[in-house]
Every structure is written in C-alpha cells, then in structure tokens.
Amino acid sequence: ARFDHGAQYFSARSAQFARHLQQWQDAGWVEPWNPRLTVLGDSDGHSDPRGTHRFVAVPGMNGVCKKMAESLDCRFQTRAASIEFDGQWQIGLDDSDEVLTTQRLLITAPPVQTAELLGVSHPLHAELANIHLQPSIAAMISFNEPIDTGFDAAFVNNDNPINWIALDSSKPQRSGNHWVLHAGPEWSAAHLEQSFEELAELLLRAFDALFDFNLPEPSLCIAHRWRYALGHSEKNLGFLNLPEQRLAIAGDWLAGSRIEGAWSSGDKAANWLLEA
C-alpha cells in the first residue's frame, strides 16, 4: 500500500507559483484532484473554500521532489551531526568520518533542529529556538473492500481527535482502498509519545465513531508521528539569512505554512544564495 501521509494536496494563490504549477502539469508531475469533499461538524471551523483548485503530485506527493532530485547529488538516509563555519561551512555526518565542505549553506530542517545544529552561540539560534511547530499524528488504514462514507475527503470540526480524512486512493494514479487520517494538533501533542500501535488503534476508533455503521476490519492500520508539522513565524519573512556566513534558512513556517509557502521560501532563499 502507498499513502500520502504528510501533505495532502496543494493549491496556487500567487501568480508566480501558478506558473511553476503549470510547468509541473505540462511535465506530467502533478494532476488535479477533485474529491467529493465535505465538512463534518461545526461550519465555523475548517471549511471548503469555493473555487479551490486542488493538485497532487503523481504517483505520490513526493513526486515533484523526486523529479527535481534526479539532477542533483543527493545523500539520503544521512544525518548531519554537526555544522561549523570557519570561513567555509563544514558538515560532520553521523556514522562517518567524512566532512562535507561548502561556501554556501541552505538549511530547511525544522527551526528547533536547525537551532540545535547551529549551536547556542550562533546569531540566529535564539530566534530559531523560539519557533515552536505543532505536531500531527497520521494514521494509514487499508480495507480489502471499498467502504461507502459518501465522501472522498473531509474536514472534521467536532470533538473527534481527527481533523482531516482522505481516501488516498481517490487521487490520480492511485489504487486500492486506502485512507489517511490526520489528528488535530492538541490531541497529537497530548498523545505524541504513545506507541505507534496505540496511536493507530485510537485513530481507527475515532474514524469508526464518525459513522452510523461499523467499519470492517482493516487489512492494515499503522501510524506516523509528525513531530514538527504546523506552525509559522509571525514575521513571515520568507527566509532568514546571515550574509557574513553565506547562510540561508528556509521552510514553509517562514512563508505561510503551506506547500506554496515551502516553495516560495525556498525560491527566495535560493535566489539570495545565488547572489551572495
């Protein structure tokens, strides 16, 4: 089974991002997603704005990143254990004696992790350490047969732990009967350190409680912990930089906490680094 257990879809609000979105569509990297979408519970909470055009990458939400990465020298499953600046950046790697060196550095890790990497004496440490992102617990559930909920996606605005539901297999170039549930930030924070097995069972029960019929026994039910999922900087600067170190820091939290914000932040940081 394949799941989009993180970002669910994206839209374009700015003309600049819309142009790139069109290029991705033309290249076959993304397709529109037109789910049967509903709102469960209080209409004053999350809503479905009229005229929203939703898009997803294919065959999964990391599809655009994978395409971009094809032309880059990427190190996957590699953890940066330390970074130091002494005229140039030196990056120490976990479980390796190798040290990477570079003149310019872009960091897109969550702010608390970036602050830890830079160290308490770094000029940007305090600002980064004071940005707190909220968590989100995701559950991924598969059934052997389709279930008729009457919708493909839903915002949940009642006292249920879940605040988003999606039939993942309703998206383009997906198949099966796979559902993704996202718990709200308060519930996720309260249950953050529970085992994945407990989290999956709790969210399955919460899913079942939304209907006047019993869900069938799932063929798969697992959970994932997004420790740094939601948040934003009140300054909304787009990115942070330190010119004397040729350092840029980017992330969706700096530009609106959406996929478009992530792209916008990275675009601004990249342009600045190219000129640095």
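Please refer to the structure placed before this passage.
Because the structure is predicted, anything quoted here is derived from the model rather than measured.

(A) Layout of unusual backbone geometry. At the junction of Val58 and Pro59, the peptide bond is cis and its omega measures out at 0° in the coordinates. The phi angle at Asp95 is positive, at roughly 55°, despite the residue not being glycine. Note on placement: Asp95 falls in the loop between strand 5 (89-93) and strand 6 (99-102). Here the phi dihedral of Arg246 falls at roughly 50°; this positive angle occurs in a residue that is not glycine. Mapped onto the elements of the fold, Arg246 is located in the loop between strand 13 (240-242) and strand 14 (247-249).

(B) Quick look at the sheet that holds strand 13. One open sheet holds the three strands; their spatial order is 7-14-13, and the pairing between them is mixed. The sheet terminates laterally at strand 7 (105-107) and strand 13, the two strands that pair on one side only. Going from strand to strand, the sheet's axes swing by 15° on average, the running direction of each strand aside. Bridge count between strand 7 and strand 14: three bridges; the pairing is parallel. Bridge assignment links Leu106 to a residue of strand 14, and that residue is Ala248. Packed on one face of the sheet, helix 7 (residues 259-275) meets strand 7, strand 13 and strand 14 and runs near 175° to strand 14.

(C) Seen up close, the environment of Trp226. Residue placement: Trp226 occurs in strand 12 (residues 220-230). Overall, the relative accessible area of 31% leaves Trp226 in the partly exposed class. For the pair Trp226 and Leu37, spaced 189 residues apart in sequence, the C-alpha separation works out to 24 Å. Here Trp226 is in contact with His5, Gly6, Pro135, Ser136 and Ala138, once residues within four sequence places are set aside.

(D) Main features of the environment of Ala129. Among the structural elements, Ala129 can be located in helix 4 (residues 125-129). Along the chain, Ala129 and Glu116 lie 13 residues apart, while their C-alpha atoms are 8.0 Å from each other.

(E) Seen up close, the layout of surface pockets. Empty space within the second largest pocket amounts to approximately 230 Å³. Along the wall of the second largest pocket there are 16 residues; nearest its centre are Ser14, Ala255, Glu260, Ser264 and Lys268. The element contributing the most residues to the lining of the second largest pocket is helix 7, with six residues. Grouping the constituent residues of the lining of the second largest pocket by class yields four nonpolar, seven polar and five charged.

(F) Local environment of the packing of helix 1 (residues 15-27) against helix 7. As a packed pair, helix 1 and helix 7 sit with axes 11 Å apart at the nearest point and diverge in direction by 105°. Looking at the two axes, helix 1 sits roughly perpendicular to helix 7. Judged by residue contacts, Gln16, Phe17, His20 and Trp24 of helix 1 engage Glu260, Trp263 and Asp267 from helix 7. In terms of residue class, the contact of helix 1 with helix 7 is built from three nonpolar, two polar and two charged.

(G) Highlighting the nonpolar core. Judged by nonpolar contacts, the single largest core of 25 residues is most densely connected at Ile162, Ile165, Trp179, Leu181, Leu203 and Phe207. When contributions to this core are tallied by element, the ones reaching two or more residues are strand 8 (134-142), strand 9 (153-157), strand 10 (162-167), strand 11 (178-183) and helix 6 (196-208). If you tally residues by element for this core, the top one is helix 6, at six residues.

Reading the values: the criteria
- Residues numbered from 1 in each chain as written.
- Predicted model: local features only at pLDDT ≥ 70, side-chain atom pairs only at ≥ 80, totals over all residues.
- Heavy atoms only, no water.
- Helix = DSSP H or I, 4+ residues; strand = E, 2+ residues; numbered from the N terminus.
- Pairing = 2+ DSSP bridges.
- Axes fitted to C-alpha atoms, helices over the stretch in contact; angles between N-to-C directions.
- Contact = heavy atoms within 4.5 Å.
- Buried < 20%, exposed > 50% of the residue type's maximum accessible area, 1.4 Å probe, protein only.
- 1 Å grid on protein atoms, 1.4 Å probe; cavity = no way out; pocket = protein on both sides within 12 Å on 5 of 7 lines; lining within 4 Å.
- Points joined across faces, edges and corners; volume = space filled by probe spheres on them.
- Nonpolar A, V, L, I, M, F, W, Y, C, P; charged D, E, K, R; others polar.
- Parallel < 35°, antiparallel > 145°, perpendicular 65-115°, else oblique.
- Core = buried A, V, L, I, M, F, W, Y, C linked by side-chain atoms within 4.5 Å.

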